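# Chain and residue survey
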Amino acid sequence: MESKNYHEDLSHIRSMMERSSRFISLSGLSGVVAGLAAVVGAVYVYFVFQREGIDYFDGERNFFRPSLVKELILIGTVILITAVLSGYLFTANKSKKKGLKIWDATTKRLLVTFAVPLVTGGFFCLGLLYHHLFVFVAPATLIFYGLALVSAERYTLTDIKYLGYCQIVLGLVSLFFPGWGLLFWTIGFGMLHIVYGLIMHKKYK
């Protein structure tokens, strides 16, 4: 009996330590909203291409005017802001319900760990844009984002690393299909986020 209680106490202590060292308030719904925003953005970009006389699915290499590139960057920025804001709102709401702090030492470590590969990837993509290597932007964003997720796994839900692995693999595959970046973006930032978000919402709600 004492042995059983001893193991239960150890399990409880281990669980408490796990909770205190990991940010566990990430909301699956934020992933769903981010994915939907990416899909809507991709559809909008497709119609922008149509407006410019570009048939995206004809398989031809296309050269984009500087003004079009700027518009695409603006659209991407809006999608990113939408995803970040929704992630914060859903996560803050979940933290409030659970009586947990959204901002503490663990959150800071999580953000730093997540930001290092993400910021590095951002500057790398700026370099690609500067040299007009547009076809490699989509693979690079997927790969560096995946690396950021895998790195952040140590400070949050372990499940996030699987999303990271999928993003990395998708980015590597897209390297061999230049010109299809919008499609891979839609799969990676859209579909994968929606599927992951629904699974996490069901698992941790």
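## Observations concerning the nonpolar core
Judged by nonpolar contacts, Ala38, Leu142, Tyr145, Leu149, Ile160, Leu163, Leu170, Phe184, Phe189, Tyr196 and Met200 together constitute the single largest core of 11 residues. Taken together, the elements giving at least two residues each to this core come down to α5 (137-152), α6 (160-174) and α7 (181-204). For this core, the leading source of residues is α7, giving four residues. The residues contacting leucine 142, other than those within four sequence positions of it, are Gln167, Ile168, Leu170, Gly171, Ser174, Phe184, Trp185, Gly188 and Phe189. In this structure, Ala42, Val45, Ile75 and Leu182 belong to the second largest nonpolar core, which totals nine residues.

## Concerning the pattern of salt bridges
Summed over all chains, the structure comprises two salt bridges. Across the pair arginine 51 and glutamate 52 runs a salt bridge whose closest N-O atoms are separated by 3.0 Å. Residue glutamate 52 is classed as partly exposed on the basis of its relative accessible area of 28%. The residue arginine 51 makes a salt bridge to glutamate 71 at a minimum N-O spacing of 2.7 Å. Residue arginine 51 is found in helix α2 (residues 28-51), and its partner glutamate 71 is found in helix α3 (residues 66-98); the two are separated by 20 residues along the sequence. For arginine 51, a relative accessible area of 49% puts it in the partly exposed group.

## Quick word on the packing of aromatic side chains
Following the criterion strictly, the structure yields six aromatic pairs and no others. Considering the side-chain rings of tyrosine 145 and phenylalanine 189, the 5.3 Å spacing of their centres and the 45 degrees angle between planes classify their relative orientation as tilted. Separated by 44 residues along the polypeptide, tyrosine 145 in helix α5 and phenylalanine 189 in helix α7 bring together distant segments of the chain. With 6.1 Å between their ring centres and 35 degrees between their planes, phenylalanine 177 and phenylalanine 184 make a pair best called tilted. Classification of phenylalanine 184 as buried rests on a relative accessible area of 10%. Connected via pairs of aromatic rings, a cluster forms that spans Phe114, Tyr145 and Phe189.

Analysis parameters
Residues numbered from 1 in each chain as written. Predicted model: local features only at pLDDT ≥ 70, side-chain atom pairs only at ≥ 80, totals over all residues. Heavy atoms only, no water. Core = buried A, V, L, I, M, F, W, Y, C linked by side-chain atoms within 4.5 Å. Buried < 20%, exposed > 50% of the residue type's maximum accessible area, 1.4 Å probe, protein only. Helix = DSSP H or I, 4+ residues; strand = E, 2+ residues; numbered from the N terminus. Contact = heavy atoms within 4.5 Å. Salt bridge = Lys/Arg side-chain N within 4 Å of Asp/Glu carboxyl O. Phe/Tyr/Trp six-rings, centres within 6.5 Å; stacked < 30°, edge-to-face > 60°.

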